Amino acid sequence: METAEYLDRKIETASPKEVQKLQEAKLARQLDYLFACSAFYQDKFRTARIKRKDYRRLRDLSRFPFTTKEELRESQASCPPLGRHAAADWVDVIRVHSSTGTTGKASFVGLTRRDAKMWAKLTARSFYTQGLRKTDVVVHAAGLTMFAGGLPVKDAIESIGAVFVPIGTGASERALAATQLLRANAMHCTPSYASYFADFVRREAKTEPRELGLQKLFCGAEPGAGIPAVRAKLQEEWGARVTEGLGNADMAPIIFSECRQQSGMHFNGPEYVVVEIIDPETGETLPVEKGVTGELVYTSLERECVPLLRFRTRDRVTVLDTLCACGRTGFKLRCIGRTDDMLIVLGVNVFPSAVKDVVSSFYPRTTGEIQIVLNQPGPKVAPPLKVVAEYTGASGTAQLKSEIEHKIKAVLSVSAAVDLVAGGTLPRFEMKGQLIRKAYEITDTERRN
Ligand SMILES: [Zn+2]
């Protein structure tokens with residue numbers, strides 16, 4: 001039984017003009033709210049000498065100052081529990097999540113009842129876009145506690161009418177049993193976990209992952225499922241369709257998600273978030289056109305507790321298209337990594353996920369697992385880039401090493417020295433993978449950042 005293509009047809013297929021009109025009006029109301037209720041933004045606007053009347057059209061948004069994660073951290077430390085940027089009364093907050101970031105301390109994100117409803121609605125739309133239907137049984141093998149991709153995902157999946165099975169992380173035996181006994185056909189997890197769990201199934205259940213019957217893998221929380229060679233490997237070993245979503249703990253759990261065309265993640269929430277893509281160096285707003293690469297910046301349109309304006313995500317993305325065969329009008333992108341992870345080798349920017357893509361393209365001669373070893377703090381790295389990769393099988397490693405080094409040079413324009421180790425040597429991760437190993441003493445400053 002085929003069900004409808006869209007969960008919210010009107011907004012998902014709205015024309016760019018309709019979206020602009022809607023966002024223009026909603027942003028005006030959100031700015032009224034910030035000027036009236038947010039001490040944090042009142043200060044920022046005063047410092048930037050910007051007034052409410054400076055906003056008339058949507059394009060005037062670029063005149064307003066950015067908000068950074070560091071500012072949110074400072075705001076929370078100086079004004080607990082939620083920070084000066086929390087614009088709702090504590091009494092109206094119904095739930096608190098945390099955004100951990102990659103290194104720094106966790107920071108709290110409060111939700112009012114309306115905020116939580118909005119998160120659930122947008123998250124449901126994202127899962128539906130990825131092909132979740134009410135007949136599905138989904139094993140949630142991702143974080144549940146505090147994590148923005150936990151309880152809101154439960155609300156979203158249940159609202160579609162599918163079965164939500166709350167397994168959490170670090171419970172592969174339970175995930176395996178639940179998948180078999182409940183005949184689950186879908187899983188929500190990080191791509192690192194999908195790969196980890198495949199090894200677990202082979203080892204513990206003595207069966208091939210595809211025998212488990214998972215047909216839909218909904219991935220997120222890190223780039224991976226959208227890396228072509230990584231996706232190909234996951235689809236091949238699981239016999240499942242792999243799609244991915246992208247969100248931000250401070251803004252919404254999933255804001256972009258891939259439709260069944262699997263050709264990039266659609267922007268799913270134009271009535272809740274304004275998306276800008278900026279040049280990370282100059283801060284200039286770039287046009288949302290095919291091929292444009294930059295940093296994602298979010299402005300919330302309906303947030304009560306954490307109404308962020310021009311929030312810099314540090315996610316580096318590339319616009320893949322503004323059209324799609326599915327009929328959705330939200331543009332499509334792929335996340336290529338986080339600014340924090342970017343390395344620079346002789347002036348060439350390299351994201352670890354791109355190196356993983358090259359190494360994974362040698363699957364099944366490699367397992368696809370990699371680690372980039374840094375002998376000094378980045379982002380500048382003296383060539384060659386040290387890459388540890390895993391081989392499978394017994395022979396031909398010298399040939400494989402040279403082939404991988406050659407392809408890294410050809411695709412990424414950097415010299416690499418590949419060190420091949422036996423399959424299963426590198427650490428596996430049940431949450432987000434860690435593609436960089438710091439082989440130097442970490443200073444206090446770096447730890448703080
Ligand atoms: Zn589509």
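Before going into details, it helps to say that this report is about the structure given with it. Treat the numbers as computed from the prediction; the structure is a model and nothing was measured.

Brief notes about the side chain of aspartate 60
Move 1: Note on placement: aspartate 60 falls in the loop between α3 (39–47) and α4 (69–78).
Move 2: Arginine 63 provides the closest opposite charge to the buried, unpaired aspartate 60, separated from it by 4.2 Å.
Move 3: For aspartate 60, the side chain forms a polar contact with the main-chain nitrogen of arginine 56, separated by 2.7 Å.
Move 4: Here the side chain of aspartate 60 touches arginine 57 through a polar contact of 2.7 Å, landing on its backbone nitrogen.
Move 5: Those residues in contact with aspartate 60 that lie beyond four places of it in its chain are Asp54 and Tyr55.

Focus: the packing of aromatic side chains
Move 1: Tallying each qualifying case throughout the model produces twelve aromatic pairs.
Move 2: Judged by centre distance (5.5 Å) and plane angle (85°), the rings of phenylalanine 127 and phenylalanine 218 are edge-to-face. Of this pair, phenylalanine 127 sits in helix α5 (residues 113–129) while phenylalanine 218 sits in strand β6 (residues 216–219), and the two are 91 residues apart along the sequence. Phenylalanine 218 shares its class with phenylalanine 127; the two are buried.
Move 3: Counting every residue linked through ring pairs, the aromatic cluster contains Phe35, Phe40, Tyr41, Phe45 and Phe64.
Move 4: Stacked on the ring of tyrosine 128, the Lys or Arg arginine 133 has its end atom at 3.5 Å from the ring centre.
Move 5: Its guanidinium or amino end placed over the ring of phenylalanine 66, arginine 312 lies 5.3 Å from that ring's centre, counting from NZ or CZ.

A look at the sheet that holds strand β15 (residues 343–345)
What links the strands of a sheet is backbone hydrogen bonding, and the strands pair in either a parallel or an antiparallel sense.
Move 1: Strand order in the open sheet made by the three strands is β16-β15-β18, with mixed pairing throughout. Of all the strands in the sheet, the pair left with one neighbour each is β16 (348–350) and β18 (380–381).
Move 2: Bridge count between β15 and β16: three bridges; the pairing is antiparallel. Counted as the bridge partner of isoleucine 344 is asparagine 349 from β16.

Details of the coordination of the zinc ion
Move 1: Of the protein atoms, only Cys259 (SG), His266 (NE2), Cys324 (SG) and Cys326 (SG) coordinate the zinc ion, at distances of 2.1 to 2.3 Å.
Move 2: In this structure, the zinc ion is surrounded by four donor atoms whose angles at the metal cover 101 to 116°, and the resulting shape is tetrahedral.
Move 3: Taking the relative accessible area as the measure of exposure, cysteine 259 reaches 0% and is therefore buried.
Move 4: For cysteine 326, a relative accessible area of 10% translates into the label buried.

Thresholds applied
- Residues numbered from 1 in each chain as written.
- Predicted model: local features only at pLDDT ≥ 70, side-chain atom pairs only at ≥ 80, totals over all residues.
- Heavy atoms only, no water.
- Helix = DSSP H or I, 4+ residues; strand = E, 2+ residues; numbered from the N terminus.
- Buried < 20%, exposed > 50% of the residue type's maximum accessible area, 1.4 Å probe, protein only.
- Lys, Arg positive; Asp, Glu negative; His and termini not counted.
- Salt bridge = Lys/Arg side-chain N within 4 Å of Asp/Glu carboxyl O.
- Polar contact = N/O pair within 3.5 Å; in protein donor to acceptor, adjacent residues only side chain to side chain.
- Contact = heavy atoms within 4.5 Å.
- Phe/Tyr/Trp six-rings, centres within 6.5 Å; stacked < 30°, edge-to-face > 60°.
- Lys NZ or Arg CZ within 6 Å of the ring centre and 35° of its normal.
- Pairing = 2+ DSSP bridges.
- Donors = N, O, S within 2.8 Å, 3.2 Å for Na, K, Ca; no water.
- Tetrahedral: all angles 85-135°; square planar, octahedral: opposite > 155°, others 65-115°.

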